[in-house]
Amino acid sequence: MEYQRLNCQCSQCGTLVRPPWSSSIIPRQDLGVRLQGLLGWLGNYGHLPYEKQQEMLWELGQINIGVGTLVNTNQRLTTAHAPMADKKERADLMCKDSGMGGRDEIWR
C-alpha cells in the first residue's frame, strides 16, 4: 500500500505547502487499525485460517492481502496484547490471594 499526499507551491513566495499525514496511518503497516483488529479476532477467536481470511477480504471488499501480511499482522497483535494478558493474570492472582475469590466472582 502506498499513501500519497498532494503538495502545493505558493505562486507568490514559492513556499511548499504540505498537509499533515492522517492520524489513521500507522508507519510501516499496510493495514488500518480496524482491519487489523478484525483480522486478529477472526484468526485468534474465530479460528479462521489465513487462506479463508484472504478469501473473505477479497469477497467483501476486493482487498488483496498476502498470507505473509496476515502472519505479520497477527504477530504484531500478539506482541501488543502480551502486556494486557500479564495484567489480567496479576489481577486474578491478587483477587485469589485476598480471599475474595477470583476476579470474575467479584464482579458478578
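The structure we're discussing is the one just above.
Residues numbered from 1 in each chain as written. Predicted model: local features only at pLDDT ≥ 70, side-chain atom pairs only at ≥ 80, totals over all residues. Heavy atoms only, no water.

Participant: Summarise the overall build of the chain; cite the residues concerned and give the values.
Facilitator: Looking only at helices and strands, one finds 4 helices and 2 strands in the chain. Traced from its N-terminal end to its C-terminal end, the chain shows the element sequence β-β-α-α-α-α. Total accessible area computed for the chain in this model is approximately 8,800 Å², and 56% of it derives from carbon and sulfur atoms. (Helix = DSSP H or I, 4+ residues; strand = E, 2+ residues; numbered from the N terminus. Areas by Shrake-Rupley, 256 points an atom, 1.4 Å probe, with all protein chains shown as cover.)

Participant: Describe empty space enclosed by the protein, and please don't skip the residues or the numbers.
Facilitator: Evaluation of the coordinates by the stated rule reveals 1 cavity of 30 Å³ or more. In this structure, the largest cavity spans a volume of roughly 50 Å³. Where the lining of the largest cavity is concerned, the elements lending two or more residues are helix 1 (33-44), helix 2 (50-61) and helix 3 (67-97). Of the residues contributing to the lining of the largest cavity, the split by class is 3 nonpolar, 5 polar and no charged. (1 Å grid on protein atoms, 1.4 Å probe; cavity = no way out; pocket = protein on both sides within 12 Å on 5 of 7 lines; lining within 4 Å. Points joined across faces, edges and corners; volume = space filled by probe spheres on them. Nonpolar A, V, L, I, M, F, W, Y, C, P; charged D, E, K, R; others polar.)

Participant: Before we move on, could you go through the nonpolar core and cite the residues and values that matter?
Facilitator: Ranked by size, the top nonpolar core spans 6 residues in total: L31, L35, L39, L57, I65 and L70. The residues touching L39, leaving out its near neighbours within four places in the chain, are L31, Q53, L57 and L70. (Core = buried A, V, L, I, M, F, W, Y, C linked by side-chain atoms within 4.5 Å. Buried < 20%, exposed > 50% of the residue type's maximum accessible area, 1.4 Å probe, protein only. Contact = heavy atoms within 4.5 Å.)

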